[in-house]
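Letter by letter, the chains look like this.
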Amino acid sequence: MTPILEIRGVTKRYSVRRGMFEPKRSLMAVAGVSATLPRGEVLGLVGESGCGKSTLAKMVLGLETPTEGEILVDGRPVASLGRLERARLVQPVFQDPYSSLNPRRTVAAIVGQPLDVHGEGTAPERRTRVAEMLALVGLAERHAAAYPNQLSGGQRQRVAIARALILRPSLVVCDEPTSALDVSVQAQILNLLAELQAKLGLSYLFISHNLAVVYLIATRVAVMYLGRLVEVGQAETVLTAPDHPYTQALLSAVPTPKPGRGLPGAPLKGSFPNPLDPPPGCPFHPRCPVAQDVCATTPPALESKQAGSTVACHFAG
Amino acid sequence: MAGDALLDIRHLAVRIPVADGPLHAVRDVSLNIHRGETLCVVGESGCGKSLTSLATMGLLPPTAVRTAERLAFEGEDLLRAKPARMRALRGDRMAMIFQEPMTSLNPAWTIGEQLMEPFLYHGKGNRRAAEARAVELLERVGIAAAGSRLAQYPHELSGGLRQRVMIAMALMCGPDLLLADEPTTALDVTIQAEILRLLADLQREFGMALLLVTHDLGIVASVADRVAVMYAGEVVEEGTTEAVFAAPRHPYTRGLLSCIPIPGETPRGQPLGTIPGTVPSLVGGIEGCAFRDRCAFAREDCARTVPVKDDGPHRWRCVLEDVPA
């Protein structure tokens, strides 16, 4: 079976100028990323701000074009798909349900808009489908006539999910879907996403900086650092016994709600490198606790280490 | 105990007039914090945790009404303190760090001018002394090439660096009490870990009391000596971090803990614990337990006044004798 998403050697370069008289420089936001998402699974994409995870998501959604490489959704190159065709295959759910919904339209109009755009069904049929979809995401009938400002953050995110699912896409790109929500609401939305995934046979590309959330929902995890994948594998393996020193550092920095474990992880050396001037060799080597001379000169390739995992490190494990 | 507390808050209430009547944003909050201690106030959006810290600092919006039986800092009554006295205390004996280092620094002033301002305002010394102190603190909070940073503007610094500048600014006069409102929420986890370590080190070094407002129970578990859990404007549970995490007595605290996934521990492929429903409206006030509509163990007497129970240093507001696990 063709995987629902195939990312093949994708690179995205932006040309930036820091000041009026400075020369243009090339910023590599995503550097040669390859990944596969089998149908019905969830690929978690984790990393810190500026690691390129959202740029990758935008390319999967067709909102940005890769400089090199190609992205296939359902076996078809995203670049060759028209806007409407693409929208039927892949839909987004964004982080902030306060800014991703039109404040002047009712919930029913927001959720029904994709049906209007795609000319699906008659008006009464569309109304029925909207009502079914609202019920599916756990909203009450009375919410259909409400405006976004009358809803709580969790309810708004349910509207955003309903809008994404109304065309029955195969792939949903969730970009930090719970980061703007309170923990109790985050739990409700995570449960909803898991339930919908099972019920509708969806596949998610799930982007989050919250490793615990990704651990819960993802089947596979890809860890990004400075535009590159540094570790890819089963969520259970990568997020409990990671091989890459960066994943280890990231995981140990997460504070656990259990007292007596002390402060979260010993900090990494230095700070996040300037993406305009990435370090040579392994991009992580200036901050890496186990780096040796070779790391400063030779970039490590992603290689198989343990059961199903690939790691880009000369000394992993 | 409370007599020699550095900060002693008793029965604090904050009401905000809105179109439909007064919004009871903080209701009957009693907290105290001792020298060198870390108290975490934890809760979800709108629970009143930030307003409690703003009320302490006298920084509430002008329309908000603050009442309390006692609000004392180092034994001094802040309820009767004149604005000039509050200005003298703020930034000197008590200082605050806010969540958004992007918006809480002045974009038109250099880092150096902003760092030196509280030092000069409170008459701690001349400009040369202020500059020396600024460089010393920037180095202490882990900023390299501190001397050259003084001439930089906030936009030239990353989020993590700006938050370090905010911390350094709060420490310029060596405060006895540091209030930090979600100081790491806008930051990546690795930077958050560094800032939390930094705060813990500085606190030990300066003997400060730290009142940390957060929504993250993970942060509470790693830094707090004591924790106060707030819900709908009230403290529903309070105690030593060990006691509250080992045996949470309030159903809300239990619910909150079950909502947080832990890698390697939370079972995958099963629904996560949730708290059904939403927070009640605080307009016009609430009778009885504010959590009863969302509580699995609610019974009739929850609608009446809820007793505060205690088990030594652990206090909670619930009618139930023991919440079933």
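Thresholds applied
Residues numbered from 1 in each chain as written. Chains lettered and ligands numbered in written order. Predicted model: local features only at pLDDT ≥ 70, side-chain atom pairs only at ≥ 80, totals over all residues. Helix = DSSP H or I, 4+ residues; strand = E, 2+ residues; numbered from the N terminus. Rg over C-alpha atoms; globule rule 2.2 N^0.38 Å. Buried ≥ 20, exposed ≤ 12 C-beta atoms within 10 Å, placed from the backbone. Contact = placed C-beta atoms within 7 Å. Pairing = 2+ DSSP bridges. Axes fitted to C-alpha atoms, helices over the stretch in contact; angles between N-to-C directions. Nonpolar A, V, L, I, M, F, W, Y, C, P; charged D, E, K, R; others polar. Parallel < 35°, antiparallel > 145°, perpendicular 65-115°, else oblique. Left-handed = near helix turned anticlockwise from the far one by under 90°. pLDDT = per-residue confidence, 0-100.

S.K.: Would you mind going over the overall build of chain A with me for this structure?
M.R.: The secondary structure content of chain A amounts to nine helices and 12 strands. For 317 residues, the compact-globule formula gives about 20 Å, and the C-alpha radius of gyration of chain A, at 21 Å, lands near that figure. Dimensions of chain A, computed from C-alpha atoms along their principal axes, come out at roughly 70 × 50 × 45 Å. For chain A, buried positions account for 47% of its 317 residues. A separation of at least 24 residues holds for 63% of the contacts in chain A among residues at least 6 apart in sequence.

S.K.: Teacher, can you tell me more about the overall build of chain B here?
M.R.: A count of helices and strands for chain B gives 10 helices and 13 strands. A compact globule built from 325 residues should have a C-alpha radius of gyration of about 20 Å, and chain B, at 21 Å, falls within 12% of that. If one aligns the C-alpha atoms of chain B with their principal axes, the spans along those axes are about 65 × 50 × 40 Å. The buried share of chain B, reckoned over its 325 residues, is 49%. Across chain B, contacts joining residues at least 24 apart in sequence account for 65% of those joining residues at least 6 apart.

S.K.: Sorry, what's going on with the sheet that holds strand E1 (residues 5-16) of chain A here?
M.R.: Backbone hydrogen bonds are what pair the strands of a sheet, in a parallel or an antiparallel way. Residues and elements named next belong to chain A. What the four strands build is an open sheet, ordered E2-E1-E4-E5; its pairing is antiparallel. One side of each edge strand has no neighbouring strand; the edge strands of this open sheet are strand E2 (25-37) and strand E5 (76-77). Looking at chain direction, E1 and E2 are connected through nine bridges and run antiparallel. Bridged to Leu 5 within E2 is Leu 37.

S.K.: What's the story with the environment of Thr 67 of chain B in this structure? I'm lost.
M.R.: Inspection of the secondary structure assignment puts Thr 67 of chain B in strand E4 (residues 65-67). A C-alpha to C-alpha distance of 29 Å links Thr 67 of chain B and Pro 248 of chain B, two positions 181 residues apart in sequence.

S.K.: So what exactly am I meant to see when it comes to helix H1 (residues 53-60) of chain A here?
M.R.: An α-helical turn contains 3.6 residues, so any two residues separated by three or four positions project in the same direction. Residue and element names in this part refer to chain A. In terms of burial, H1 is a largely internal element, seven of the eight residues being buried. Taken together, the buried positions of H1 are Lys 53, Ser 54, Thr 55, Leu 56, Ala 57, Met 59 and Val 60. Looking one or two residues beyond H1, the residue adopting positive phi is Gly 62, at roughly 80°.

S.K.: Could you clarify how one ought to interpret the sheet that holds strand E12 (residues 308-311) of chain B in this entry?
M.R.: Residues and elements named next belong to chain B. As summarised here, the arrangement of the eight strands in space is E7-E8-E9-E3-E10-E11-E13-E12, forming an open sheet in which the pairing is mixed. Because the sheet does not close on itself, it has two edges, and the strands there are strand E7 (94-97) and E12. Each adjacent strand pair in this sheet contributes to an overall mean axis angle of 20°, direction not counted. With respect to the sheet, helix H6 (residues 159-171) is in contact with E7 and strand E8 (177-181), its orientation differing from that of E7 by roughly 170°.

S.K.: Mind showing me how you'd approach helix H3 (residues 107-117) of chain A here?
M.R.: All names here are of chain A. Along H3, the residues classified as buried are Val 107, Ala 108, Ile 110, Val 111, Gly 112 and Pro 114. Buried residues in H3 make contact with helix H2 (83-89), helix H4 (123-136) and helix H5 (153-165). Two residues or fewer after H3 comes Gly 119, characterised by a positive phi angle close to 55°.

S.K.: Looking at this model, I keep getting lost on the interface of chain A and chain B. Mind explaining?
M.R.: Taken residue by residue, the interface counts 37 residues in chain A and 40 residues in chain B. Those elements giving two or more residues to the side of chain A that touches chain B turn out to be helix H6 (183-200), helix H7 (211-217) and helix H9 (245-252) of chain A. No other element matches H6 of chain A, which puts six residues into the side of chain A that touches chain B. Taken together, the residues that form the side of chain A that touches chain B break down as 21 nonpolar, 11 polar and five charged.

S.K.: Mind showing me how you'd approach the packing of H3 of chain A against H5 of chain A here?
M.R.: Helix-helix packing: each pair is described by the crossing angle between the helix axes and the interaxial distance. All names here are of chain A. Look at H3 against H5: their axes get within 7 Å of each other, and the N-to-C directions meet at 25°. The orientation of H3 with respect to H5, classified from their angle, is roughly parallel. Crossing hand, H3 versus H5: right-handed. On H5, the residues touching Val 107, Ile 110, Val 111 and Pro 114 of H3 are Val 159, Ala 162 and Arg 163. By residue class, the composition of the contact of H3 with H5 is six nonpolar, no polar and one charged.

S.K.: Would you mind going over the environment of Leu 39 of chain B with me for this structure?
M.R.: All names here are of chain B. Tracing the backbone through its elements, the reader meets Leu 39 in strand E3 (residues 38-42). Sequence spacing of Leu 39 and Val 220 is 181 residues, and the spatial spacing of their C-alpha atoms is 8.7 Å. The residues contacting Leu 39, other than those within four sequence positions of it, are Leu 31, Ile 33, Leu 211, Ala 224, Asp 225, Arg 226 and Ala 228.

S.K.: I would appreciate a short explanation of the environment of Ala 301 of chain A in the present structure.
M.R.: All names here are of chain A. Among the structural elements, Ala 301 can be located in the loop between H9 and strand E11 (303-304). Judged by local crowding, Ala 301 falls into the exposed class, with 10 C-beta atoms found within 10 Å. Taking the C-alpha atoms as reference points, Ala 301 and His 314, separated by 13 residues in sequence, lie 8.4 Å from one another.

S.K.: Where do I start with the confidence of the model for chain B in this structure?
M.R.: Note that predicted coordinates carrying low pLDDT should not be read in detail. Taken over all residues, the pLDDT of chain B has a mean of 91, while the share at 70 or more is 98%. Reported confidences for the modelled complex are a pTM of 0.90 and an ipTM of 0.85.

S.K.: What exactly am I supposed to notice about the packing of H6 of chain B against helix H7 (residues 189-206) of chain B here?
M.R.: Residue and element names in this part refer to chain B. Put simply, H6 and H7 touch, their axes get as near as 11 Å, and they point 15° apart. With respect to each other, H6 and H7 are oriented roughly parallel. Regarding H6 and H7, the two cross each other, and that crossing is right-handed. Note on element contacts: H7 touches H6 through Ile 191, Ile 195, Leu 198, Leu 202 and Phe 206, opposite Gly 160, Gln 163, Ile 167 and Leu 171. Partitioned by chemical class, the residues of the contact of H6 with H7 number seven nonpolar, two polar and no charged.

S.K.: In this structure, what is going on with unusual backbone geometry? I would like to understand it.
M.R.: Where the residue is not glycine, phi is negative for most of them; where a peptide bond is considered, it is trans in most cases. Even without glycine at this site, Glu 176 of chain A takes up a positive phi of about 50°. Residue Glu 176 of chain A is classed as partly exposed on the basis of its C-beta count, with 19 C-beta atoms lying within 10 Å. A positive phi is found at Asp 28 of chain B, a non-glycine position, where the angle reads about 55°. Along the chain, Asp 28 of chain B turns up in strand E2 (residues 21-33).

S.K.: I tried to follow the pairing of strand E10 (residues 228-234) of chain A on my own but got confused; where do I start?
M.R.: Regular strands place their side chains on alternate faces of the sheet. Residues and elements named next belong to chain A. Burial runs high along E10: six of the seven residues are buried. In this structure, E10 lies alongside strand E12 (residues 310-311), joined through two bridges in antiparallel fashion. Across the sheet, Val 232 pairs through a bridge with Thr 310, a residue of E12.

S.K.: I tried to follow the pairing of strand E4 (residues 68-73) of chain A on my own but got confused; where do I start?
M.R.: Residue and element names in this part refer to chain A. Bridge analysis of E1 against E4 gives five bridges, and the strand direction is antiparallel. From the neighbouring strand, Glu 6 faces E4, where its bridge partner is Leu 72. The sheet contact formed by E4 and E5 spans two bridges and is antiparallel. Bridge pairing links Val 73 to Arg 76 in E5. Here E4 folds back onto E5 in antiparallel fashion, the turn holding two residues, of which Asp 74 has a positive phi close to 55°.

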